[in-house]
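# Close look at the chain arrangement
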Amino acid sequence: MQRNTNKLLFATLLLFTLLLVACSNGKPNANENSSTQANTKTMSTVFGNVDVPMEPKRIVSVGLEDMLLSLDAPLVQASGTRGDYLYDRLQDKKVPTLNFSSTPNYEAILAANPDLIIIIDGYVDQAGFEKLSQIAPTLVYDRGDWKTSIVQIGKAINREEQANEIIKAYDDKLSKARQTIAQSVGTNKTVTLVRLTDKEADVFFPKFPYGGVLYNDLGLKPDVTLTEFQKTAEEDWGATLSLEKLPELKADYLFVTAGYSASSEEEFQKTLETVKGVESLQVWKAIPAVKQNHTYKVSARHWMLNGPIADSMKIDDVVQALTVTK
């Protein structure tokens, strides 16, 4: 009897197994495909749609560290130069850094073993994008319009709510700063942003993407002289003028950047010495804002970049300059 019972049980199990195979309709990989799709999401980029992990754990950033640090993203590699405004934050999080270069360091990125790569728009062409995509899914975002980009990045790495909170906190800070500046200097003061060399000056126009906080957001007005310079300028960002033309600037306040966005500490200090040299010239002393002691030096290492951290620092710089008595 025991043997008959075992045979019946075996036959039942065999029949059940055959039924399962039949129900699968001869497609044993269907469940695997569904599982793979369930573990990814599709994000849109300038190079087309990209399937990315639902929960990326190892992200490489090239040029978008400001937003990714704000989101507390799990970075395993980033662009960074000793002395720049994000370097200490990256070091505190023990994120290895590479100097930003004109082309990606594919070998170093591969060695970081990322499951997601996020880069600044305009950094690579289609061929470069495809080469990065062979290492890991690659997303591309604009740094200038960081509010739009940070929401998209938030969606990609499951931090969309945090992205919206960052935007709200920034807008609240901006609103308070506008009120503080208006109470301190009024609502009709004009400003100009310039960068000096020993022979000429870059004068930045309101359309300059990194000058938006100063020109557009804080309730200040661009110097009317900029409109005249724009009429003959060849580019939208600004114009390069001889130092002799600087006295034509009529702004109430002059903000002077030193260095460049990727300047090393040594390079930054060298440009500060250059600015000091220009400040000793009579042509500089003839500028109306200089006569009023209304000039302020700011670091290009965050002024020539965008992001919630950089733009927040710009707000602090302007509030400090216009509300603290010299």
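Counting restarts for each chain: residues are numbered from 1 in the order of the written sequence. This being a predicted model, a pLDDT of at least 70 is required before a residue's local features are given, and a value of 80 or more before pairs of side-chain atoms are given or counted; all residues contribute to the totals for chains, interfaces and linings. Hydrogens and water are ignored here; the side-chain numbers use all heavy atoms of the structure.

## A few points about the side chain of T190
Short version of the rule: The numbering of helices and of strands both runs from the N terminus, where a helix is a DSSP run of H or I of at least 4 residues and a strand a run of E of at least 2. The contact criterion used throughout is that any non-hydrogen atoms of two residues lie within 4.5 Å.
Following the sequence through the fold, T190 ends up in strand β8 (residues 190-196). Sequence-distant contacts of T190, defined by excluding residues within four places in its chain, comprise K221, P222, D223, K250, A251, D252 and Y253.

## Side note on helix α11 (residues 265-279)
Quick note on the threshold: Working rule for helices: expected span equals 1.5 Å times residues minus one. Under the scheme applied here, a residue whose accessible area is under 20% of the maximum for its type counts as buried, over 50% as exposed, and between as partly exposed, the area being computed with a 1.4 Å probe on protein chains only. Picture the helix axis, draw a direction to every C-beta atom, and the arc is the one those directions span.
Over its 15 residues, α11 extends 21 Å from the first C-alpha to the last, a length consistent with the 21 Å expected when each residue adds 1.5 Å. Those residues of α11 that fall on the buried side of the exposure criterion are F268, T271, L272, V275 and V278. Considered in projection along α11, the buried side chains sweep an arc of 115 degrees and stay on one side of the axis. Exposed residues pointing more than 90 degrees away from the buried face of α11 are listed as E266 and K270. Among the structural elements, β8, β12 (253-258), α12 (282-285), β13 (295-299) and α14 (300-303) are those in contact with the buried residues of α11.

## Some words on the pattern of salt bridges
Heads up, the condition is: Salt bridges are defined as contacts in which a side-chain nitrogen from Lys or Arg sits within 4 Å of a carboxyl oxygen from Asp or Glu.
With the rule as written, the count across this model stands at eleven salt bridges. One salt bridge in this structure joins R195 and D202, with 3.4 Å as the shortest N-O distance. The class of D202 is buried, set by a relative accessible area of 14%. Note that K231 is salt-bridged to E228, the shortest N-O span being 3.3 Å. Of this pair, K231 and E228 are both found in helix α10 (residues 225-232), three residues apart, which corresponds to roughly one turn of the helix. What makes K231 exposed here is its relative accessible area of 60%.

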